[in-house]
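# Survey of secondary and tertiary structure
Spelled out from the first residue to the last, the chains are:
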Amino acid sequence: MLARNWKKIGMLILIIACVFNIMSKLVHKLSLNKEMLYSAQYMFEQEENDVQEENQTN
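Below you will find a few notes about this structure. (Residues numbered from 1 in each chain as written. Predicted model: local features only at pLDDT ≥ 70, side-chain atom pairs only at ≥ 80, totals over all residues. Heavy atoms only, no water.)

Bringing the overall build of the chain into the picture now. Assigned secondary structure in the chain consists of one helix and zero strands. Computed over C-alpha atoms, the radius of gyration of the chain comes to 25 Å, more than 25% over the 10 Å expected from 2.2 N^0.38 for 58 residues, which places it beyond the range of a compact globule. Expressed as lengths along the three principal axes of its C-alpha atoms, the size of the chain is roughly 85 × 10 × 10 Å. Counting every position in the chain, which comprises 58 residues, the buried fraction comes to 2%. For the chain, the exposed surface amounts to about 5900 Å²; the carbon and sulfur share of it is 66%. The chain carries 6 positive and 7 negative side-chain charges, and their two centres are separated by 46 Å. (Helix = DSSP H or I, 4+ residues; strand = E, 2+ residues; numbered from the N terminus. Rg over C-alpha atoms; globule rule 2.2 N^0.38 Å. Buried < 20%, exposed > 50% of the residue type's maximum accessible area, 1.4 Å probe, protein only. Areas by Shrake-Rupley, 256 points an atom, 1.4 Å probe, with all protein chains shown as cover. Lys, Arg positive; Asp, Glu negative; His and termini not counted. Charge placed at Lys NZ, Arg CZ, Asp CG, Glu CD.)

Shown next as structure tokens:
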């Protein structure tokens with residue numbers, strides 16, 4: 001039985017592995033987007049702080 005259906009079993013395992021890979025990439029993509037937003041917000045705040053410090057020194 002296994003010798004006759006090994007190609008089908010292998011393809012099924014491959015498809016399942018690909019689906020899990022795609023799903024994990026989608027899940028991590030959302031957290032990456034959040035990380036990018038947090039980084040942009042941090043950079044914006046740092047730029048504002050630099051401008052304020054420069055205005056205080058002048």
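Having seen the model, we can carry on.
So, on to a nonpolar patch on the surface. There is a patch of nonpolar side chains on the surface, built from M11, L14, I15, V19, I22, M23 and L26 and spanning about 670 Å² of accessible area. Looking at the secondary structure, you find I22 in helix α1 (residues 2-57). (Patch = residues over 30% accessible without salt bridge, like charges linked within 9 Å, V, L, I, M, F, W, Y side chains within 5 Å. Salt bridge = Lys/Arg side-chain N within 4 Å of Asp/Glu carboxyl O.)

Next up on the list: a negative patch on the surface. A contiguous patch of negative charge, built from E45, E47, E48, D50, E53 and E54, is present on the exposed surface. Residue placement: E48 occurs in helix α1. Assessed through its relative accessible area of 38%, E48 is described here as partly exposed.

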